[in-house]
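What the coordinates show
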Amino acid sequence: MKVTLNINIGGYAFHIDEDAYHDLKAYLRSLELHFTGEDSASEIMADIEVRMSELFRARLGTYRQVITIDDVREVMKIMGTPEDFVDQDTFSAKEKFTSSSTRRMYRDPDNRIIGGVAAGLAAYWHLDPIIPRVIFLALIFAGGLGIFAYLILWIVLPEARTTAQKIEMKGEPVNIHNIKESVKNEFERVRKNFKNI
Amino acid sequence: MNSENAKAQMRKGILEYCILLILSRSSCYASDIIRELREVELIVVEGTLYPLLTRQKNAGLLSYRWEESQQGPPRKYYELTESGRAYLKELNQSWNELVESVNRIRK
């Protein structure tokens, strides 16, 4: 027995196994990431989703109801991953892959206490968030410089909103495996929140 | 020198040319274009085609219309625009010149 989810791809409703859903979501995010910067990224994604929904319907046929992980893998193989596009898109893809592996400083909204500044610094330097927090507090008591520094960082640092930014914040290269991990974590968190309600 | 890179560059230019060639015969649904490009082994994964089509459309070489389909949602049918035809004419000529140049050197 498996849990299934309901999703909408290209205007069509599908039932999908939970594990297949994770893979599909990570895949679509990786494509989205690949096409950012393209003029009509949303249009390209819409075209791809419509085509994927066609492929899924063809695979399901009349009797099968649920998309499995094998279906997702097969469709991914047909559509190709951003790594496959490198062949045809040599320049843009290569640039994107290398530039996205650099580390950038963000505010971390997931672990924040006030504005996520300390959590962001901690993620950037791979520290325990308690360390920047203690330093900020110490600076506050030693003349109030801490408040000033915190506010400036709060204004200057962007918040890590997208999956790609959250991965960048930790300095991991942005690729499909990392996105998959991070989507999975996000999903688990949402599920836990639901359970707590 | 990496021959893969050179090959990819060649294929990329030719791919755009071939999309226009296919569309010059009749308007096509993306999957029809994919099928044809697959048969001649110019394309490996379908995902490469969609950005190219969108780019050519944005450049004014292609336009599209929606057509009802029996199997599902309406499909986008692409066709060449006037400037697309003029562009293709130029590409045809430069292709002929290229082939000739290469053949003369290869002799």
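Above this text is the structure in question.
What comes next is a walk through the structure. Quantities reported herein were computed from a predicted structural model and do not represent experimental measurements. (Residues numbered from 1 in each chain as written. Chains lettered and ligands numbered in written order. Predicted model: local features only at pLDDT ≥ 70, side-chain atom pairs only at ≥ 80, totals over all residues. Heavy atoms only, no water.)

Counting 52 residues, the largest nonpolar core has Leu24, Met52 and Phe56 of chain A together with Ile33 and Leu37 of chain B as its most contacted members. Per-element tally for this core: the top contributor is helix 2 (residues 41–60) of chain A, with eight residues. Once you skip the residues sitting within four places of it in the chain, Ile33 of chain B turns out to touch Ile19, Ile22, Leu23, Cys28, Leu49 and Leu53 of chain B. Ranked by size, the runner-up nonpolar core spans five residues in total, among them Ala118, Leu121, Phe136 and Tyr150 of chain A. (Core = buried A, V, L, I, M, F, W, Y, C linked by side-chain atoms within 4.5 Å. Buried < 20%, exposed > 50% of the residue type's maximum accessible area, 1.4 Å probe, protein only. Helix = DSSP H or I, 4+ residues; strand = E, 2+ residues; numbered from the N terminus. Contact = heavy atoms within 4.5 Å.)

All names here are of chain A. Put simply, helix 6 (residues 117–125) and helix 8 (residues 145–156) touch, their axes get as near as 10 Å, and they point 75° apart. The angle between helix 6 and helix 8 places the two elements in the roughly perpendicular class. Only Tyr150, Leu153 and Trp154 of helix 8 make contact with helix 6, whose side of the interface consists of Val117, Ala118 and Leu121. Class assignment of the residues belonging to the contact of helix 6 with helix 8 gives a composition of six nonpolar, no polar and no charged. (Axes fitted to C-alpha atoms, helices over the stretch in contact; angles between N-to-C directions. Parallel < 35°, antiparallel > 145°, perpendicular 65-115°, else oblique. Nonpolar A, V, L, I, M, F, W, Y, C, P; charged D, E, K, R; others polar.)

Below, the discussion takes up the side chain of Arg107 of chain A. Residue and element names in this part refer to chain A. Considering the arrangement of structural elements, one finds Arg107 in the loop between helix 5 (90–99) and helix 6. No salt bridge forms around the buried Arg107; measuring N to O, its nearest opposite-charge neighbour Glu159 is 4.1 Å away. Look past the residues within four positions of Arg107 in its chain and what remains in contact with it is Gly115, Gly116, Val117, Gly120, Trp154, Leu157, Pro158, Glu159, Ala160 and Met169. (Lys, Arg positive; Asp, Glu negative; His and termini not counted. Salt bridge = Lys/Arg side-chain N within 4 Å of Asp/Glu carboxyl O.)

Okay, the side chain of Ser40 of chain A next. Residue position: Ser40 of chain A is located in the loop between helix 1 (18–35) and helix 2. Residue Ser40 of chain A is classed as buried on the basis of its relative accessible area of 13%.

A separate point is the sheet that holds strand 1 (residues 28–29) of chain B. The strand order 1-3-2 (chain B) describes an open sheet built from three strands, whose pairing is antiparallel. A single partner strand is all that each edge strand has here, and the edge strands are strand 1 and strand 2 (62–67) of chain B. Bridge count for strand 1 of chain B against strand 3 (residues 75–80) of chain B is two bridges, and the pairing is antiparallel. Following the sheet pairing, Tyr29 of chain B is matched in strand 3 of chain B by Tyr77 of chain B. The sheet contacts of helix 2 of chain A involve strand 1, strand 2 and strand 3 of chain B, and relative to strand 3 of chain B the element is tilted by about 125°. (Pairing = 2+ DSSP bridges.)

Our next topic: unusual backbone geometry. Of note, the phi angle at His126 of chain A is positive, near 55°, even though the residue is not glycine. The phi dihedral of Glu41 of chain B falls on the positive side, at around 60°, and the residue is not glycine. Looking at where Glu41 of chain B falls in the secondary structure, it is placed in the loop between helix 2 (30–39) and helix 3 (49–58).

Facing 27 residues of chain B, the contacting portion of chain A comprises 25 residues. Of the roughly 2,200 Å² buried where chain B meets chain A, counting both sides, 46% is carbon and sulfur surface. At the surface where chain B touches chain A, the tally comes to five salt bridges. Where chain B meets chain A, there are ten residue pairs in polar contact (both at pLDDT 80 or more). Breaking the side of chain B that touches chain A down by element, the ones donating at least two residues are helix 1 (3–25), helix 2, helix 3 and strand 3 of chain B. Looking at the side of chain B that touches chain A, its residues break down into ten nonpolar, nine polar and eight charged. (Buried area = accessible area lost by both parts, 1.4 Å probe. Polar contact = N/O pair within 3.5 Å; in protein donor to acceptor, adjacent residues only side chain to side chain.)

When the terminal C-alpha atoms of helix 1 of chain B are compared, their 33 Å separation across 23 residues agrees well with the 33 Å that a helix rising 1.5 Å per residue should span. The set of residues buried in helix 1 of chain B consists of Ala8, Leu15, Tyr17, Cys18, Ile19, Leu20, Ile22 and Leu23 of chain B. (Expected span 1.5 Å × (residues − 1).)

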